[in-house]
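What follows is each chain in one-letter form.
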Amino acid sequence: MTDREKLYSGLSNAAWGYFFLTFDFNLNNVSVLPRFVGFYLLFSAIGKLSGERRDLNLLRPLCILLTGWSGLDWLLSWLGGDVEGHILFLDLLVTVVTLYFHFQFLTDMAALSECCQPEDDNLASRIRGHRTAFTLLITVFGLMANLTPVLPWEWWAGMIGFGALITCIVALMIMMDLFHLRKLIRSEEEGPRL
């Protein structure tokens with residue numbers, strides 16, 4: 001596999017990873033699109049993209065932690081349980097790790113796009129904007145999830161629904177950005193057409 005093919009494959013994994021992280025359909029308590037698959041795809045993307053962006057390797061341990069956490073949560077869902085909401089410190093720690101992971105991963109994707117985007121394309125700044133929106137939404141949801149026992153559920157219901165919709169839209173934009181970057185990598189590999 002050439003370096004460009006690895007980049008192309010890594011960007012595909014990253015885009016589909018965000019799909020699994022954002023969209024969730026449940027049968028009873030069990031997720032059909034488990035989050036650990038999304039983190040596994042991002043882990044695979046890191047391996048393929050780290051030749052181009054070496055600091056991505058620093059995210060590997062965090063991705064392993066998040067894959068394990070979400071995998072354990074998925075396994076417990078088969079038994080009707082979950083890992084969240086039992087120890088506040090662990091919940092907050094996972095939220096902070098998730099924030100840092102996404103912020104740094106998308107920052108590296110923006111930096112990667114700067115080397116291959118045409119002059120009239122603002123892909124890098126779009127990725128940075130979507131990165132900021134995504135991390136802000138994760139922050140808000142992380143705080144809301146940890147404050148739900150303190151505040152009445154009815155108060156949060158409308159806000160959670162609206163926030164989930166906005167998060168899905170931003171995640172779709174991130175996926176489109178990553179697919180666009182993948183397309184730029186492919187066209188750069190093919191070279192100019194005569």
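Predicted model, so just to flag it, every value in this text is computed and none were measured.

### Side note on the pattern of salt bridges
- Summed over the entire model, instances satisfying the criterion amount to five salt bridges.
- Among the ionic pairs, Glu114 bridges to Arg128, the shortest N-O distance being 2.4 Å. Of this pair, Glu114 sits in helix 4 (residues 88-114) while Arg128 sits in helix 5 (residues 123-147), and the two are 14 residues apart along the sequence.
- With relative accessibility at 44%, the residue Glu114 sits in the partly exposed group.

### Structural notes on the environment of Leu62
- As for its position among the elements, Leu62 is in helix 3 (residues 60-77).
- The sequence separation of Leu62 and Tyr100 amounts to 38 residues, and the corresponding C-alpha distance is 8.9 Å.
- Those residues in contact with Leu62 that sit more than four places away from it in its chain are Val97, Tyr100 and Phe101.

### Digging into the environment of Phe103
- With respect to the helices, strands and loops of the structure, Phe103 is situated in helix 4.
- With relative accessibility at 34%, the residue Phe103 sits in the partly exposed group.
- Phe103 sits 27 residues away from His130 along the chain, and the two C-alpha atoms are 9.9 Å apart.
- In this structure Phe103 touches Arg131 and Thr135, once residues within four positions along its chain are discounted.

Reading the values: rules and limits
Residues numbered from 1 in each chain as written. Predicted model: local features only at pLDDT ≥ 70, side-chain atom pairs only at ≥ 80, totals over all residues. Heavy atoms only, no water. Salt bridge = Lys/Arg side-chain N within 4 Å of Asp/Glu carboxyl O. Helix = DSSP H or I, 4+ residues; strand = E, 2+ residues; numbered from the N terminus. Buried < 20%, exposed > 50% of the residue type's maximum accessible area, 1.4 Å probe, protein only. Contact = heavy atoms within 4.5 Å.

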